[in-house]
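Chain by chain, the residues:
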Amino acid sequence: MLDHSYYQELTALAAGGHISLQEYEELRRHVAACSQCKRDALAYCLIVVDGLPAVFAEASAGNERGTEAPEPGARERFLARATRAGLRFSPEAYAGSSTRP
Amino acid sequence: MSRRPIDNSHPAQALPAYRELERLSDDEVMAGLQAGAHDALAVLFDRYHTLVFSIAHRIVRDTGEAEDVTQIVFLDLFRAAAQFDASKGTTKVWLLQYAYHRALSRKRHLNVRNFYDLEPDDRVTDVPPTSERAPFGLSSVELRNLLEKGLASLTPAQRNVIERASFDGLSMKEIAEQTGETLVNVRHHYYRGLRRLRTFVESRSIVDRVAADA
């Protein structure tokens, strides 16, 4: 039987996807029988999945300009995919922005 | 954001035209999207797809995967438009928050797929942040503000590992290689940092609730 602190650390690492599948299986079995670790896992997921992306999104919204350019034709490929998904754009939208470079 | 089917029931002629939408603010364009103006999605894509792509590319580090993540982010934005509440934050931040969320999910999936040679699995039900969820009894804005303060309270090593993992999408192994620390230490910094953030958020949310009730 491993020390409980081992599983506490795994619950935090698992929230960010930073454990191996073998560790995940160990943790899954442990959490099924440990309400404390179940609560821990949920709390860490809320921080990692909901909270931290919001913090970094706020920072990126103010600071980042989007320096990595998509491949040419990205807009056309997106509109084609969206159309296949059922969206209907006007001819002007397909033609593109009048101010777009 | 739930993955509901595309709703095509809105009459196109009653909605703002593309050229008109182009001149509106983000929140006004978002209102158009909520009303069913599909052209509004093209306008938001024009404004922010380079930024979303940059974030996705930084995290997944593959052009094709980053473009796929970008497309999914905007399609899900359309599906979840009804959940957007302008009083809780800007369209841009909401969109970027989901971009991080999606890109990090994809990175985790790619790590597993590369190791086990699995096929992509897009059946994952990925939910973007909504104001409806209330972790720790806090709104998403309150949680974000507390985490900003909590991050400042971490040790430099803890903050560094959490930022590299959550902002750049690096694995624990990659962080260990970049920092020269052992993998065991990097994992421990991540755990200790998250534990401290959790304690910080929980203690502050209790204090705030007691103060509000007093």
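A brief structural summary. Computed from a predicted model, the values in this text were never measured in an experiment.

Parameters at a glance
Residues numbered from 1 in each chain as written. Chains lettered and ligands numbered in written order. Predicted model: local features only at pLDDT ≥ 70, side-chain atom pairs only at ≥ 80, totals over all residues. Heavy atoms only, no water. Helix = DSSP H or I, 4+ residues; strand = E, 2+ residues; numbered from the N terminus. Buried < 20%, exposed > 50% of the residue type's maximum accessible area, 1.4 Å probe, protein only. Contact = heavy atoms within 4.5 Å. Areas by Shrake-Rupley, 256 points an atom, 1.4 Å probe, with all protein chains shown as cover. Expected span 1.5 Å × (residues − 1). Phe/Tyr/Trp six-rings, centres within 6.5 Å; stacked < 30°, edge-to-face > 60°. Lys NZ or Arg CZ within 6 Å of the ring centre and 35° of its normal.

### Thoughts on the overall build of chain B
Summing up its helical and strand segments, chain B has 9 helices and 0 strands in all. When the helices and strands of chain B are placed in sequence order, the string is α-α-α-α-α-α-α-α-α. Counting over 214 residues, chain B shows a buried share of 49%. Taking all contacts inside chain B whose residues are at least 6 apart in sequence as the whole, residues at least 24 apart take part in 65%. If you sum the accessible surface of chain B, you get close to 9,900 Å²; carbon and sulfur atoms cover 52% of it.

### A closer look at helix α4 (residues 63-79) of chain B
With 17 residues, α4(B) should reach 24 Å at 1.5 Å per residue; the first-to-last C-alpha distance of 25 Å fits that figure. The element α4(B) is largely enclosed, with a buried count of 14 among its 17 residues.

### Overview of the side chain of B:D39
Looking at the element boundaries, B:D39 is found in helix α3 (residues 39-60). Those residues in contact with B:D39 that lie beyond four places of it in its chain are A:R88, A:F89, A:S90, A:A93, B:Y18 and B:L21.

### Some words on the packing of aromatic side chains
This model, assessed by the stated rule, comprises 9 aromatic pairs over all chains. Arranged with centres 5.1 Å apart and planes meeting at 75°, the rings of A:Y6 and A:Y7 form a pair that is edge-to-face. For A:Y7, a relative accessible area of 9% puts it in the buried group. Taken together, the ring pairs in this structure connect A:F56, B:Y100 and B:F167 into an aromatic cluster. It is B:R58 that lies over the ring of B:F167; its NZ or CZ is 3.9 Å from the centre. One residue, B:R198, lies across the ring of A:Y44, its end atom 5.6 Å from the ring centre.

Any link to function would need more than the numbers given here.
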